[in-house]
Amino acid sequence: MFRTAIAAALLSYVVAPAAADVVKTEAAGFVVEKTVTIDAAPDAVWETLRAPQRWWSKEHTWSGDSANLYIDSQATGCFCEKLPGRGSVQHARLVFVDKGKLLRMEGAFGPLQGEAIVATLTFELSPEGDKATKVKMTYVAGGYSPTGFDKLAPAVDSVMSAQLDGLKAAAEGPPPAPLAPSSDR
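Bear in mind the structure is a predicted one, so any value in this text is a computation, not a measurement. (Residues numbered from 1 in each chain as written. Predicted model: local features only at pLDDT ≥ 70, side-chain atom pairs only at ≥ 80, totals over all residues. Heavy atoms only, no water.)

A. Region of interest: the environment of Phe96. As for its placement among the helices and strands, Phe96 is situated in strand β5 (residues 87-98). Separated by 22 residues in the primary sequence, Phe96 and Gln74 place their C-alpha atoms 7.6 Å from one another. (Helix = DSSP H or I, 4+ residues; strand = E, 2+ residues; numbered from the N terminus.)

Listed below in structure tokens is the structure:
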């Protein structure tokens, strides 16, 4: 699924101008950055951020189902995905967790994972007044890519921007339904 999404985004790059969120592109890497204000308190945004199954697009999963995503939100934790009946995927490893303020992980997402790329994704949260939160997302990638970082950066920008938009929509939406009691008790 990731490969298809990146390929589609690369094709759209040919006919569309580069996205404004790509702040730097060089032969050895790129930086994508986007900031949104979410109409929810920082604690609510933090809890939503920790639940990618609520906001990460199913089109950008290996299993085709966002419900298979999870974050073990402690340093050395995992942003991972279950592949039911097949295995699992580590999208990223958490390297810095400051509850309600900062979540940083290392991982080359999607098809970047199969290339010689190292990447860091950071979410910085800060209060905006009494009931809103500013979230700055930064994705820095570097290494070697036969595709070329100048072609990858706009596609990655599109995918990562969509995820941040999903976080905003989920955090501003109604809270998730409570989990049903387990039948194996």
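B. Geometry of the sheet that holds β5. Across the sheet, eight strands lie side by side as β1-β2-β8-β7-β6-β5-β4-β3; this open sheet has antiparallel pairing. Looking along the sheet, the strands with just one partner apiece sit at the ends: β1 (22-26) and β3 (69-71). Each strand of the sheet is rotated relative to its neighbour by a mean of 15°, with strand direction disregarded. Across four bridges, the pairing between β1 and strand β2 (residues 29-38) is antiparallel. The residue of β2 that forms the bridge with Val22 is Val32. (Pairing = 2+ DSSP bridges. Axes fitted to C-alpha atoms, helices over the stretch in contact; angles between N-to-C directions.)

C. Structural detail: the pairing of strand β4 (residues 78-83). Judged by how many residues are buried, β4 sits mostly within the fold: five of six residues are covered. Here β3 runs beside β4; their pairing, made up of three bridges, is antiparallel. Its bridge partner being in β4, Tyr70 is matched across the sheet by Cys80. Two successive antiparallel strands, β3 and β4, enclose a turn made up of six residues, where Thr76 displays a positive phi of approximately 75°. Here six bridges tie β4 to β5, and the two strands are oriented antiparallel to one another. Counted as the bridge partner of Glu81 is Val89 from β5. (Buried < 20%, exposed > 50% of the residue type's maximum accessible area, 1.4 Å probe, protein only.)

D. Looking closely at helix α2 (residues 42-49). Looking at α2, one finds that the buried residues are Val45, Trp46, Thr48 and Leu49. Considered in projection along α2, the buried side chains sweep an arc of 165° and stay on one side of the axis. (Arc of directions from axis to C-beta.)

E. Structural context of the state of the cysteines. Going through the model one piece at a time under the given rule, you end up with one disulfide. The residue that forms a disulfide with Cys78 is Cys80, at a sulfur-sulfur distance of 1.3 Å. Of note, the bridge from Cys78 to Cys80 carries an S-S torsion of about 55° and is right-handed in sense. The exposure class assigned to Cys78 is buried, which follows from its relative accessible area of 13%. With relative accessibility at 6%, the residue Cys80 sits in the buried group. (Disulfide = S-S within 2.5 Å.)

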